[in-house]
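Remarks on the overall topology
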Amino acid sequence: MSEVRTRFAPSPTGYMHIGNLRTGLYAYLLAKRYGGKFILRIEDTDQERYVEGAVDVIYNVLKITGLKHDEGPDIGGPYGPYVQSERKDIYKKYGDKLVDLGGAYYCFCSKEEIADVREHYNNGSQGPFKYNDPCRYLSTEEARKRIAAGESYVIRQRIPDTGTTTFEDAVFGKITVENSTLDESVLLKSDGLPTYNFANVVDDHLMKITHVMRGVEYLPSTPKYNLLYNAFGWEIPTYIHLPHIVKEDGKKLSKREGDASFDDFYNKGYLVDAIVNYIALLGWNPGTKQEIFSLKELEEQFSIEGLSKSPAMFDIKKLNWLNGEYIRKMPLEDFHKMAYPYYKKVITRKDIDLMKISRLLHDRTEVFYEIPQNIDFFEKLPEYDINLYVHKKMKTNLVNSAENLKAAYEALKSLDVWNEENVEAALKGTIQKLGVKNGQVFWPVRTALSGKQFTPGGAIEIAGVLGRDESLRRIEIGLKKLSDV
RNA sequence: GGCCCCUUGGUCAAGUGGUUAAGACAUCGCCCUUUCACGGCGGCAACAUGGGUUCGAAUCCCGUAGGGGUCACCA
């Protein structure tokens with residue numbers, strides 16, 4: 001087999017849809033798996049949708065996800081330019097050539113004319129609308145005369161009236177359609193730029209792309225590509241159509257709800273490796289029970305056979321779990337660095353050692369954005385209901401909580417040096433002296449210190465973070481609450 | 001509506017004529033434990049449906065239903 005060459009051909013729309021990223025990921029993985037090349041091509045043929053700075057978004061996502069391309073607009077390559085708007089002349093040349101080869105024709109109908117015909121078309125009884133273009137019967141000579149005279153035109157693909165077209169897809173298998181159901185779509189627009197259909201075929205051929213990866217939405221139009229390749233006499237690449245990624249309700253991931261783009265997740269604090277790992281598994285199965293994959297491992301194990309053909313629902317719960325796995329695997333220092341901004345959102349006190357909090361949170365954090373609500377009590381003791389002291393399993397009630405908390409308070413107060421070791425010794429000592437269960441002291445102390453039902457870390461750790469003065473102050477508040485009963 | 005595609009637990013999915021139909025997430029329970037989380041153990045839970053073919057079907061064929069896509073001078 002000749003060198004595998006895949007491409008990622010996003011449109012600069014300003015954001016990177018997660019499904020699109022996955023397509024790019026798979027294209028990248030396939031190339032790497034076979035020691036081939038991964039090419040980046042910018043599909044900016046739609047001038048109306050052009051967004052300033054959108055290309056940078058693409059470079060940026062590729063860079064932080066580690067999908068390094070071997071050829072592209074920014075780094076060049078032997079088959080450039082890699083931006084479609086800079087290839088205008090090429091498309092024009094091949095468009096004319098295709099007309100000569102009989103695979104297309106010039107059309108002078110205006111958008112308005114066609115829209116008018118479409119509007120008066122009775123869609124119900126006669127099947128789908130198909131434009132019967134009078135221009136398809138024009139001779140090429142006559143058409144070129146009109147073009148020379150300055151008439152505006154487009155180039156349309158010529159589709160045989162009869163017969164069928166069959167193509168092979170690596171994941172969906174053999175697909176055959178009637179030519180009569182195919183529309184004679186525009187290949188070269190009146191602004192001189194190609195449509196997606198045409199630009200793709202020309203570029204993929206010229207750039208020697210061997211495997212074309214794209215979403216299933218292109219499946220129905222693929223026969224037209226084959227017709228094009230055949231008309232040119234070009235070799236047809238391997239098609240690999242990928243099913244969509246959908247939401248829980250089966251609907252598309254939407255930009256509006258902030259669950260569609262890579263940035264949405266990245267900005268929420270999801271780890272890049274976790275996102276990549278997760279989407280790799282959404283639609284691809286390694287054939288083993290492995291769930292955690294580094295990019296490197298994916299590069300080694302990716303295979304076309306593992307691709308599935310049914311749509312996959314994006315399950316945020318599993319992404320969260322994976323993210324948690326990655327968080328736990330990262331070094332404490334890295335975790336601290338990433339968690340820091342989230343600490344600053346709720347903690348302003350200077351006497352708190354944030355590193356201590358990192359140690360508490362490292363194993364307990366699944367997603368970074370949940371951090372503030374979990375640690376806000378360090379900053380300020382929240383108002384809490386006195387019944388928080390009552391815990392059935394810990395065997396605590398208002399009465400023994402008051403007693404035990406008081407005893408713990410005395411023990412803690414007499415500590416010379418305030419550190420976790422000593423706090424623990426004091427508390428354990430209290431437990432022994434009182435002859436009660438661990439929880440009967442720890443629970444009320446933790447409650448007094450945090451004012452919360454659940455906290456990262458227990459009484460000892462929290463006391464360690466809070467320090468002597470604040471800890472004792474909070475316990476005093478707790479004692480007062482309990483004595484008011 | 002025409003055409004094309006898809007259909008194994010709530011979700012991702014293994015499975016390619018003979019399996020007790022994997023595994024993971026979620027969920028539930030238990031253990032660990034000073035709460036929570038982590039970790040460990042265990043449970044619940046699936047072949048859309050109707051016909052064939054076959055000794056035997058999640059696997060092959062046909063129909064039905066449901067879902068998705070597509071029918072632009074957007075990609």
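Residues numbered from 1 in each chain as written. Chains lettered and ligands numbered in written order. Predicted model: local features only at pLDDT ≥ 70, side-chain atom pairs only at ≥ 80, totals over all residues. Heavy atoms only, no water.

Re the overall build of chain A
Going by this rule: Secondary structure elements follow DSSP: runs of H or I no shorter than four residues count as helices, runs of E no shorter than two count as strands, and numbering proceeds from the N terminus. To get the radius of gyration, use the C-alpha atoms; to get the globule rule, take the number of residues to the power 0.38 and multiply by 2.2 Å. A 1.4 Å probe rolled over the protein chains alone gives each residue an accessible area, and that area as a share of the maximum for its type sets the label: buried under 20%, exposed over 50%, partly exposed in between.
Counting its regular elements, chain A contains 20 helices and eleven strands. Taking 485 residues into account, the globule formula puts the C-alpha radius of gyration at 23 Å, and chain A, at 33 Å, lies well above it. Principal axes of the C-alpha set define a box for chain A whose edges measure 105 × 50 × 40 Å. Considering chain A as a whole, with its 485 residues, one finds that 49% of them fall into the buried category.

Comments concerning the pairing of strand 4 (residues 154–157)
Note the following rule: Criterion used throughout: strands pair if DSSP finds at least two bridges between them.
Residues Val154 and Arg156 of strand 4 are buried on one face, and the alternating residues Ile155 and Gln157, pointing to the opposite face, are buried as well. Note that strand 3 (residues 104–107) and strand 4 share four bridges and pair antiparallel. The partner of Tyr105 across the bridge, within strand 4, is Arg156. As paired strands, strand 4 and strand 7 (residues 186–188) are joined by two bridges and run antiparallel to one another. Pairing of Arg156 across the sheet is with Val186, part of strand 7.

Quick look at the side chain of Gln84
Selection criterion: Any two residues whose heavy atoms approach within 4.5 Å at even a single point are treated as in contact.
Locating Gln84 in the fold gives a position in the loop between helix 2 (54–65) and helix 3 (88–100). A relative accessible area of 0% places Gln84 in the buried class. In contact with Gln84, other than residues within four places in its own chain, are Arg41, Ile42, Glu43, Asp44, Thr45, Tyr91, Ala199, Asn200 and Asp203.

Regarding the confidence of the model for chain A
Regions with low pLDDT carry predicted coordinates that are not meant to be interpreted in detail. For the record, the criterion: Per-residue confidence from the predictor is reported as pLDDT, which spans 0 to 100.
Confidence along chain A averages 92 in pLDDT terms, with 96% of residues attaining 70 or more. We note a pTM of 0.93 for the whole complex and an ipTM of 0.95 for its interfaces.

Some words on the environment of Val55
Secondary-structure assignment places Val55 in helix 2. Distance in space between the C-alpha atoms of Val55 and Ala27 is 19 Å, their sequence separation being 28 residues.

Quick word on the sheet that holds strand 7
What counts is decided by this rule: To get an axis, fit a line to the C-alpha atoms, keeping to the stretch in contact for a helix; angles then go from 0 to 180 degrees between the N-to-C directions.
Reading across from one edge, 3-4-7 is the order of the three strands in this open sheet, with antiparallel pairing throughout. Because the sheet does not close on itself, it has two edges, and the strands there are strand 3 and strand 7. Taking each pair of neighbouring strands and ignoring which way they run, the sheet shows an average axis angle of 45 degrees.

Things to note about unusual backbone geometry
Omega for the peptide link from Gly80 to Pro81 comes to -5 degrees, which places this bond in the cis form. Although it is not a glycine, Lys208 adopts a positive phi angle of roughly 60 degrees. Counting through the fold element by element, Lys208 comes out in the loop between helix 7 (196–206) and strand 8 (211–215). The phi dihedral of Lys395 is positive, around 60 degrees, even though this residue is not glycine. Mapped onto the elements of the fold, Lys395 is located in the loop between helix 15 (371–379) and helix 16 (398–413). Residue Lys395 is classed as partly exposed on the basis of its relative accessible area of 48%.

Some points on helix 19 (residues 459–466)
Of all eight residues in helix 19, seven are buried; the element is thus mostly enclosed. Those residues of helix 19 that fall on the buried side of the exposure criterion are Ala459, Ile460, Ile462, Ala463, Gly464, Val465 and Leu466. Residues of helix 19 that are buried in the fold lie against helix 14 (354–361), helix 15, helix 17 (420–434), helix 18 (438–450) and helix 20 (468–483). Of the residues trailing helix 19, Gly467 is marked for its positive phi of about 85 degrees.

Examining the environment of Leu98
You can see Leu98 is positioned in helix 3. When the C-alpha positions of Leu98 and Asn400 are compared, they lie 90 Å apart, and in sequence the two are 302 residues distant. Excluding residues within four positions of it along the chain, Leu98 makes contact with Gly103, Ala104, Leu187, Phe198, Leu228, Ala231 and Phe232.

Regarding the protein's contact with RNA strand B
What counts is decided by this rule: It suffices for a single heavy atom of a residue to lie within 4 Å of a molecule or strand for the residue to be listed as near it. Side-chain atoms alone can form a polar contact between residues adjacent in sequence; in general such a contact is a pair of N or O atoms within 3.5 Å, and within protein one must be able to donate a hydrogen while the other accepts it. Classes in brief: Ala, Val, Leu, Ile, Met, Phe, Trp, Tyr, Cys and Pro nonpolar; Asp, Glu, Lys and Arg charged; the others, Gly included, polar.
As a matter of local geometry, RNA strand B sits amid 65 residues, with Thr45, Arg118, Lys189, Arg364 and Gly457 nearest to it. Near the protein, within 4 Å, the atoms of RNA strand B are sugar or phosphate in 70% of cases. Side-chain polar atom of Ser11 to a sugar or linking oxygen of RNA strand B: 3.0 Å apart, as the coordinates give it. The separation between a base oxygen of RNA strand B and a polar side-chain atom of Arg446 is 3.4 Å. Secondary-structure elements contributing two or more residues to the surface near RNA strand B are helix 4 (111–119), strand 6 (173–178), strand 11 (312–313), helix 12 (316–329), helix 18 and helix 19. In terms of residue count, the dominant contributor to the surface near RNA strand B is helix 12 (five residues). Taken together, the residues of the surface near RNA strand B sort by class into 25 nonpolar, 17 polar and 23 charged.

Considering the environment of Val117
Within the secondary structure, Val117 sits in helix 4. As a C-alpha pair, Val117 and Tyr131 span 14 residues in sequence and 8.0 Å in three-dimensional space.

So, the nonpolar core
Here is the rule we go by: The definition of a nonpolar core used throughout is a set of buried Ala, Val, Leu, Ile, Met, Phe, Trp, Tyr and Cys residues joined through side-chain atoms within 4.5 Å.
By size, the foremost hydrophobic cluster in this structure holds 98 residues, and its most contacted members are Phe314, Ile357 and Phe378. Here the element with the most residues in this core is helix 1 (residues 18–33); it accounts for nine residues. The next biggest cluster of nonpolar side chains, apart from the first, holds 37 residues, and it includes Tyr82, Leu187, Leu219 and Leu228.

Some points on the packing of helix 3 against helix 7
Note the following rule: In this scheme, roughly parallel covers angles under 35 degrees and roughly antiparallel covers those over 145, while 65 to 115 is roughly perpendicular and the rest are oblique.
Relative orientation of the contacting elements helix 3 and helix 7 amounts to 100 degrees, with a least axis distance of 11 Å. Regarding the angle of helix 3 to helix 7, the classification is roughly perpendicular. Of the residues in helix 7, those touching helix 3 at Ile90, Tyr91, Tyr94, Gly95 and Leu98 are Phe198, Ala199, Val202, Asp203 and Leu206. Of the residues that constitute the contact of helix 3 with helix 7, the class distribution is eight nonpolar, one polar and one charged.

Looking at the pairing of strand 6
In terms of strand pairing, strand 5 (residues 164–169) meets strand 6 through six bridges, oriented antiparallel. Pairing of Asp169 across the sheet is with Gly173, part of strand 6. In textbook terms, the turn of a hairpin is the stretch between consecutive antiparallel strands, and for strand 5 and strand 6 this stretch comprises three residues.

A short note on helix 7
Most of helix 7 sits out of view: eight of its eleven residues are buried. Buried within helix 7 we find Asn197, Phe198, Ala199, Asn200, Val201, Val202, Asp203 and Asp204. Buried residues in helix 7 make contact with strand 1 (5–8), helix 3, strand 7, strand 8 and helix 8 (222–232). Directly beyond the C-terminal end of helix 7, a positive phi value near 60 degrees is found at Lys208.

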